[in-house]
Amino acid sequence: MIAVNKTKKLIEPYGGELVNLLVPESEVAELADHANRLPSIRLSGRNMHDLELIAVGAFSPLTQFMGQADYQSVLDNMRLTNGHVFPMPITLPIDDDVEAEVGQEVALRSPNNDLLAVMTIEEIYEWDLEEVAVKAFGKNDLRHPIVAEMHRWGKRNIAGPIRMIQLPPHFDFKGIRLTPAETRQRLEEYGYENVVAFQTRNPMHRVHEELTKRAIAERDAVLLLHPVVGMTKPGDVDYFTRVRTYKALSQQYYESDRILLSLLPLAMRMGGPREALWHAIIRRNYGANHLIVGRDHAGPGKDSEGQPFYGPYDAQDLVEKYSEEIGVKVVPFRMLVYLPDESRYEEIDKVTQDMNTASISGTQVREDYLHKGQKLPTWFTRPEVATILSETYPARHRQGMCVWFTGLHNAGKSTTAAVLATLLQEHGRQVTLLDGDVVRTHFSEGLGYSKEDRDDHVRRMGYVASEIVRHGGVAVCAAVSPYRATRNDVRGSMRNDHYIEVFVDTPLDVCESRDTKGLYAMARNGEIENFTGVDAPYEAPQNPELQLDTVANSAEANAQKIVSFLAEKGFVLNF
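This section reports on the structure supplied with the text. (Residues numbered from 1 in each chain as written. Predicted model: local features only at pLDDT ≥ 70, side-chain atom pairs only at ≥ 80, totals over all residues. Heavy atoms only, no water.)

### Let's talk about the overall build of the protein chain
For clarity, the threshold we go by: Secondary structure elements follow DSSP: runs of H or I no shorter than four residues count as helices, runs of E no shorter than two count as strands, and numbering proceeds from the N terminus. Radius of gyration: over C-alpha atoms. The globule rule applied is 2.2 Å multiplied by the number of residues raised to the 0.38 power. The classification of residues rests on relative accessible area computed with a 1.4 Å probe and restricted to protein chains. Under 20% of the type maximum is buried, over 50% is exposed, and intermediate values are partly exposed. For the area figures, the Shrake-Rupley method with a 1.4 Å probe applies, and any residue is considered shielded solely by the protein chains shown. In summary, the charge assignment counts Lys and Arg as positive and Asp and Glu as negative, without counting His or the chain termini. Lysine's charge is taken at NZ, arginine's at CZ, aspartate's at CG and glutamate's at CD.
Scanning the protein chain from terminus to terminus reveals 19 helices and 19 strands. Radius of gyration (C-alpha) of the protein chain: 26 Å, near the 25 Å computed for a compact globule of 575 residues. Along the first, second and third principal axes, the C-alpha set of the protein chain runs to 85 × 70 × 40 Å. Split into buried and exposed, the 575 residues of the protein chain put 55% on the buried side. Summed over its atoms, the accessible surface of the protein chain is roughly 25,100 Å², and 47% of this surface lies on carbon and sulfur atoms. On the protein chain, the mean spot of the 63 positive side-chain charges and the mean spot of the 81 negative ones are 5 Å from each other.

Structure (structure tokens):
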């Protein structure tokens, strides 16, 4: 039975009230008719999620995509111009070929062309990618997924008042897709003043369950289990699988009046400390006055030099610094270990040398259990969760992967890729070979060789490859793909360890000597423009998974080297 105590009030929204941009129902038809006669801007998935959360007040006190003054203030000071702490730039970039002018009304549409809102453009301003990368995310490193993604954003932002016609349609998990206002109403009915929010983009195991239950008890609180179902780190467990595990846990292992499961359609930036502070503000708008901040909260992993982007406790420290001002207290993620002799979890700093402990790392979860088709032990995860994960994740040698060959023209990419495809089929894998020249014929026809067209060509190949990988197949891709940002964009479209970049490192003079079509000679004579290696650059990978020598080694030997690497990673079985 859910308690009702109207005397205990939730913390008020950040800024005092929830923003609500939805027009009254009586005005929807007239505004929609007007919008259908306006020029349209089709939003990206990220922009659409941002628009939805601006409209319902999740980003309160933000009322629109940021104008230049707010944008610059957020980058420089982590504050809006009105003084409120706000660490993340929320902007609407438009493609370079989009015509827009101040004073113009435009219809905002979803990627599927659903009409969402009308914006009156009050500002158009340019933004600098390197400035955003360094100030908001710490460094201009293409291994950061949002930095790689920003390379395909338009170089102008637009801003202005928004009238929301409808929220983006969602057809899944409708009963637990709650707006801030709906979440607050539910939480008020529980009757607890304290609300602890748990930010998650991963499945919950027993240690997470224990941590959240301790937070509930220690603060006499209700748990807002608030998983992100918008955009998370590329390669994360899909949210359909995750939400199934959250539902099983919340329904069977928590007291019904101590937990509320609600989904958050947030487009994460994986921005570490700034992102954690942003998450705290968002959760305040949903009614929480505590946030569990994890170790390396919202960290994107390692940079191009193999080092973590952020320190393990940077996020906790930054949220603590602003905790009093934003009204949200930090609940640090404690390191817990299992005591099998006592059948319980304990904080690691309270464990003595004579205690027998058990633990499983994230790597062991993947390598020793999921990748081998073994169910996780019940002390580590609930049986219902283990069953759902085993259904979603087959053994590693049945999971998808992408082998991406990059290098100069005539470096030996296509030849080695063809041999590799044959060897992988010998090992029982289903393989799709995507050769750059062949792909151009079938679905990149009409694209030239400018930087923009080359990037479009590579991204199209990358999209197809990511879909093959998502469905458990092997994509072997061979393309010059000369630009690091675009290759990292492709990497970011799939789980990082399922993307294997192979640098075919063949010297330019050797590539020219192999050129039976005479393309290099034509390029040097000016008959071909934008030819990679001659009058267009090739940006060699900085840290590829593999680097091949096609002068000293045959295509078959190089392909066998790749197979051995994949066998070590568990993607193919040795026999």
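There is more to say after this.
### Brief notes about the packing of aromatic side chains
The condition that has to hold: Working definition: rings of Phe, Tyr and Trp (its six-membered ring) pair if their centres are within 6.5 Å, and the pair is stacked with planes under 30 degrees apart, edge-to-face with planes over 60 apart, and tilted otherwise. The rule is short: NZ of Lys or CZ of Arg within 6 Å of the ring centre and within 35 degrees of the ring normal puts a charge over the ring.
Tallied over the entire structure, the rule returns 13 aromatic pairs. Seen from their ring centres, phenylalanine 309 and tyrosine 310 are 6.3 Å apart, and the 45° between their planes marks the pair as tilted. Across this residue pair, the class does not change: phenylalanine 309 and tyrosine 310 are buried. Feature note: the residues Tyr338, Tyr345, Trp379 and Phe380 constitute an aromatic cluster, connected by ring pairs. Over the ring of phenylalanine 571 we find arginine 396; its NZ or CZ atom is 4.0 Å from the centre of that ring. Positioned over the ring face of tyrosine 449 is arginine 440, at 4.1 Å from the centre of the ring.

### Examining the nonpolar core
Note the following rule: What we call a nonpolar core is a set of buried Ala, Val, Leu, Ile, Met, Phe, Trp, Tyr and Cys residues that are connected through their side-chain atoms within 4.5 Å. Contacts were defined at the residue level, with two residues in contact if any of their heavy atoms lie within 4.5 Å.
Formed by 84 residues in total, the largest nonpolar core has its most connected members in Phe59, Ile90 and Met150. Apart from the residues within four sequence positions on either side, isoleucine 90 is in contact with Asp50, Ile54, Phe59, Leu62, Phe65, Met66, Arg269 and Trp278. Phe173, Val207, Val365 and Val385 belong to the second-largest nonpolar core, a separate cluster that totals 34 residues.

### Some details on the packing of helix H13 (residues 413–426) against helix H19 (residues 555–569)
Note the cut-off: Orientation is described by lines fitted to C-alpha atoms, with helices fitted over the stretch in contact, and by angles between N-to-C directions that extend from 0 to 180 degrees. Roughly parallel refers to an angle under 35 degrees, roughly antiparallel to one over 145, roughly perpendicular to one between 65 and 115, and oblique to any angle outside these ranges. We call a crossing left-handed when the near helix sits turned anticlockwise from the far one by less than a right angle, and right-handed when that turn is clockwise. The classification used treats Ala, Val, Leu, Ile, Met, Phe, Trp, Tyr, Cys and Pro as nonpolar, Asp, Glu, Lys and Arg as charged, and all other residues, Gly among them, as polar.
Axis separation between H13 and H19 bottoms out at 8 Å; the angle between their running directions is 50°. Of the possible angle classes, the one that applies to H13 and H19 is oblique. The handedness of the crossing between H13 and H19 comes out as right-handed. Within the contact between the two elements, H13 uses Thr415, Thr416, Val419, Leu420, Leu423 and Leu424 and H19 uses Ala555, Glu556, Asn558, Ala559, Gln560, Ile562, Val563 and Leu566. Across the contact of H13 with H19, the residue classes tally to nine nonpolar, four polar and one charged.

### Concerning the sheet that holds strand E11 (residues 290–293)
Hydrogen bonds between backbone atoms are what pair the strands of a sheet, whose relative direction is either parallel or antiparallel. Defined as follows: Only strands joined by at least two bridges in the DSSP assignment are considered to pair.
The five strands are arranged E10-E9-E8-E11-E12 in an open sheet whose pairing can be described as parallel. Strands with a single pairing partner mark the edges of an open sheet, and in this sheet they are strand E10 (259–261) and strand E12 (329–332). Neighbour to neighbour, the strand axes of the sheet diverge by 25° on average, direction disregarded. Of the pairings in the sheet, the one linking strand E9 (residues 221–227) to E10 comprises three bridges and is parallel in character. If you follow leucine 225 over to E10, its bridge partner there is leucine 261. Lying on the sheet, helix H8 (residues 239–252) is in contact with strand E8 (194–200), E9 and E10; it crosses E10 at an angle near 155°. Across the sheet, helix H9 (residues 272–285) touches E8, E9 and E11, and the angle it forms with E11 is around 150°.

### Focus on the pattern of salt bridges
Keep this limit in mind: Here, a salt bridge means any Lys or Arg side-chain nitrogen found within 4 Å of an Asp or Glu carboxyl oxygen.
Overall, the coordinates contain 31 salt bridges when judged by the stated rule. Between arginine 244 and glutamate 391 there is a salt bridge, with its nearest N and O atoms 2.9 Å apart. Highlighted residues: arginine 244 in helix H8 and glutamate 391 in helix H12 (residues 383–392), separated in sequence by 147 residues. We classify arginine 244 as partly exposed; its relative accessible area is 36%. As a salt-bridge pair, arginine 344 and glutamate 346 come within 2.8 Å of each other at their nearest N and O atoms. Each of Glu210, Arg214, Glu342, Arg344, Glu346, Glu347 and Lys350 takes part in one network of salt bridges that share partners.

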